[in-house]
Amino acid sequence: MVEQTAQIVSNERDTDLYFRVVVRAAQIAPLVQPGQFVHVRILPLKQALLRRPFSVFQVSEGTLSLLYKAVGQGTEVLSRMRPGEELSLIGPLGHGFTVPHPGGEVPLLVAGGYGMAALFLLAERSPQRGIVFVGGRRRADILCEKEFRALGWELRVTTEDGSHGEKGMVTEALLAELKRRVPGRKLFACGPTPMLKAVGRLAAEHNLPAELSLDQHMGCGIGVCLTCVAPIKTAGGWEYQRTCTEGPVFDSRQIAWEAAQ
Amino acid sequence: MNLSVRIGGLTLQNPVTVASGTFGYGVEYSQLVDLNQLGAVVVKGIRLDPVRGNPTPRTVEVTSGLINAIGLQGPGVDGFIRSYWPFLKELKVPAIINIWGVTVEEYAEVARRLDALGGVGALELNVSCPNIKEGGAQFGTDPRLLSQVVAACRKVTRLPLITKLSPNVVSIVPYAQAAEAAGSDALSIMNSYPAMAIDVETRRPVLANVTGGLTGPCIKPIALKLVWEAARAVRIPIIGMGGIQSAADAIEFIMAGATAVAVGTANFYEPQTPLQVIAGLRQFMLQEGIEDVRRLIGSAQTGR
């Protein structure tokens, strides 16, 4: 975990409300493991105090990139920042995905919207290529297809309005594949909570392991404020654990979804 | 140049500490901040048994502030001693342990257990958390109960006792005086201010707990006024806190009458803040030709 100032190299619109920002972060970039995040202080943002967490999308020599959607006041200000301007980063943070061993499980990745960003490094570092299932409401929500194809991965695209790929939900495409009952697979997912719950359910029904990256509101990002907790099973019941520290990636069987209702 | 101050029998190498609940148990920040540069490390509130805490959402960002309703999630006194004390006891600076309970007896029992550890710097009595249904704030808004908590802890320990007061009272003076009379060595002023936020689209309160405690830069002027009033009513030292994010903020509190200060919510967004405050305080003293930080305490004057 390092805190550093990071200069913006580029900050470009990807599709619609999605942007890609590349920053120079020589101390953090080499340490990043798949599924980890950085906590970003958007310095021009004056009224809102907190840092914003972003999964690391790609890393290369001394730089890292983030893929984000301009949805709130923080990301909106970020989207207007220009190359040369600076962000403050703390990272890498969190417990990420388990990269499969050579000859181990074949990964099936499941992404909703910008959840794709959190899965790229896993795909890049996995010794086995698998299939990535990506879904969104419409064409503009389907991100970084090109990058996954360049890695030689098979993509199954679904959109709810049918404007790109198959019409339907990403979990329907996943279910169709799971019905083939091919052994030796493992699911890795990042996206909205309802999608994660559905992936967890499908994994249990098909007796497959699954790692889910939870998306929770976050405060400090380093484990002290206890904003981002999720209910996690323990020997005697369940407890709130920190998405920023014990997560964001949890074994789906450990998540006590029903406990927090 | 002297930056050291005394809180009861405890000497701090400088007057800059951190606010309970914003710094975990110290260890979480140890990779980012040199803890041994601080005046003291103050840990999150501990009660006798482990506490699960409130459902989510637990915090919401508001203009220049943060509302939280964490519900004092924590490992309980045994869990604290097992998991965190081995790290804290090795620090070169004092560890101040914040404690709470739902009965007077529970406060005293936690105090007794921590006293027996040996090496604790001081105990901070949290009588003012707004997010706990039983106990908590009740003790902080009834001077008689407040006295009982302080007196019960005083009986079981010679450690310095710091009573953390609630801002949610008509006048802070009787509470400050009650704590002093019952044997408190110092006061922490203030805890968070009761507050809420509503999501206009869902027409629901944002926090699962409905209400929470407001912290951050927006509460600084409120906290400053409470420190000013309390400092004129008691002889014991005050640790001032509420929205401090710069050396100038900290100096205001000291000039209002605080002997020490604590950085709180700013730790969440800029972990270097306490160290920046120490550096800025030193710089200010150099510029003003002030040799001893104690000369700044309560130095603000009324009248033109």
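The residue numbers shown here count from 1 along each chain, following its written sequence. Ligands are numbered from 1 and chains lettered from A, in the order in which they are written. With pLDDT at 70 or above as the cut-off, local features in this predicted model cover only qualifying residues; side-chain atom pairs require 80 or more to be listed or tallied, and sums for whole chains, interfaces and linings still use all residues.

Focus: the overall build of chain A
The helix count covers DSSP runs of H or I at least four residues long, the strand count covers runs of E at least two residues long, and both are numbered beginning at the N terminus. Along the backbone of chain A there are five helices and 16 strands. Our radius of gyration looks at C-alpha atoms and nothing else; its globule reference is 2.2 Å times the residue count to the power 0.38. The C-alpha atoms of chain A give a radius of gyration of 18 Å, which matches the 18 Å a tight globule of 261 residues would have. By its C-alpha atoms, chain A is 50 × 45 × 35 Å across when sized along the principal axes. A pair of residues counts as a contact when their C-beta atoms, built from backbone coordinates, are within 7 Å of each other. Within chain A, residue pairs in contact and separated by at least 24 positions form 60% of the contacts whose partners lie at least 6 positions apart.

Focus on the sheet that holds strand β16 (residues 249-251) of chain A
Strands belonging to one sheet form pairs held by backbone hydrogen bonds; the direction of such a pair is parallel or antiparallel. Residues and elements named next belong to chain A. Any two strands are treated as partners once DSSP identifies two or more bridges connecting them. Reading across the sheet, the seven strands line up as β11-β10-β9-β8-β12-β13-β16 and stay open at both edges, with mixed pairing between neighbours. This sheet does not close on itself; its edge strands, each paired only once, are β11 (166-167) and β16. Bridge count between strand β13 (residues 210-213) and β16: three bridges; the pairing is antiparallel. Directly across from E211, in β16, lies its bridge partner D251. Packed on one face of the sheet, helix α2 (residues 115-125) meets β8 (106-112), β9 (131-136), β12 (185-190) and β13 and runs near 160° to β8. Between the N-to-C directions of two axes lies an angle of 0 to 180 degrees, each axis being a line fitted to C-alpha atoms and, for a helix, fitted only over the stretch in contact. Its contacts with the sheet place helix α5 (residues 193-205) against β8, β12 and β13, and it is angled at close to 175° to β13.

Thoughts on the nonpolar core
Grouped together as the largest cluster of nonpolar side chains are 184 residues, with contacts concentrated most on A:L119, A:V199, B:L123, B:L187, B:V227 and B:V261. Beyond its immediate stretch of four places on either side in the chain, A:V199 contacts A:V110, A:T171, A:L174, A:L187, A:A189, A:A210 and A:L212. Working definition: the nonpolar core is a set of buried Ala, Val, Leu, Ile, Met, Phe, Trp, Tyr and Cys residues, joined through C-beta atoms within 7 Å. Exposure in this text rests on C-beta crowding, where 20 or more other C-beta atoms within 10 Å of a residue's own make it buried, 12 or fewer make it exposed, and counts in between make it partly exposed. The C-beta atoms are placed from the backbone.

Some details on the domain arrangement of chain A
All names here are of chain A. Domain start and end points were adopted from an automatic or database domain assignment. When its domains are assigned, chain A resolves into domain 1 (2-93) and domain 2 (106-213). Spacing between the C-alpha centres of domain 1 and domain 2 amounts to 24 Å. With 13 residues of domain 1 at the contact, the number on the domain 2 side is 11 residues. Looking at which element gives the most residues to the side of domain 1 that touches domain 2, the answer is strand β6 (residues 63-69), with three residues.

Some points on the sheet that holds strand β5 (residues 59-62) of chain B
Residues and elements named next belong to chain B. Here we have four strands laid out as an open sheet, ordered β5-β6-β14-β11, and antiparallel in their pairing. The sheet is open, and its two borders are formed by β5 and β11 (193-195), each paired with just one other strand. The sheet shows a mean angle of 35° between the axes of neighbouring strands, direction not considered. Of the pairings in the sheet, the one linking β11 to strand β14 (residues 212-215) comprises three bridges and is antiparallel in character. If you follow A195 over to β14, its bridge partner there is G212.

Observations concerning the packing of helix α8 (residues 247-256) of chain B against helix α10 (residues 273-288) of chain B
Residue and element names in this part refer to chain B. α10 packs onto α8 with a crossing angle of 65° between their chain directions and a minimal axis gap of 8 Å. The orientation of α8 relative to α10 falls into the category roughly perpendicular. The element α8 and its partner α10 pack so that their crossing is right-handed. Within the contact between the two elements, α8 uses A247, A250 and I251 and α10 uses V277, G280, L281 and F284. Here the residues of the contact of α8 with α10 are counted per class, giving six nonpolar, one polar and no charged. Roughly parallel here means an angle under 35 degrees, roughly antiparallel means over 145, roughly perpendicular means 65 to 115, and every remaining angle is called oblique. A clockwise turn of the near helix away from the far one marks a right-handed crossing, whereas an anticlockwise turn of less than a right angle marks a left-handed crossing. Residues were grouped as follows: Ala, Val, Leu, Ile, Met, Phe, Trp, Tyr, Cys and Pro as nonpolar; Asp, Glu, Lys and Arg as charged; and all remaining residues, including Gly, as polar.

Quick notes on the interface of chain A and chain B
Every contact between the two is made by 21 residues of chain A and, on the other side, 25 residues of chain B. Of the residues that constitute the side of chain A that touches chain B, the class distribution is 12 nonpolar, five polar and four charged.

Some thoughts on the environment of A:R201
All names here are of chain A. As for its placement among the helices and strands, R201 is situated in helix α5. Note on R201: 14 C-beta atoms within 10 Å, which makes it partly exposed. Put simply, R201 and M81 are 120 residues apart on the chain and 40 Å apart in space, counted from C-alpha to C-alpha.

Thoughts on unusual backbone geometry
What you tend to see is this: most non-glycine residues have negative phi, and most peptide bonds are trans. A:P92 follows A:G91 through a cis peptide bond whose omega is -10°. Looking at the secondary structure, you find A:P92 in strand β7 (residues 86-93). A cis amide bond links A:G247 to the next residue, A:P248, at an omega of 10°. Looking at the element boundaries, A:P248 is found in the loop between β15 (237-242) and β16. Phi is positive for A:C144, which is not a glycine, with a value near 40°. Looking at where A:C144 falls in the secondary structure, it is placed in the loop between β9 and α3 (145-150). Assessed through the 23 C-beta atoms surrounding it within 10 Å, A:C144 is described here as buried. For B:L72, which is not a glycine, the phi torsion comes out positive at approximately 50°. Inspection of the secondary structure puts B:L72 in the loop between β6 (65-68) and α1 (76-83).

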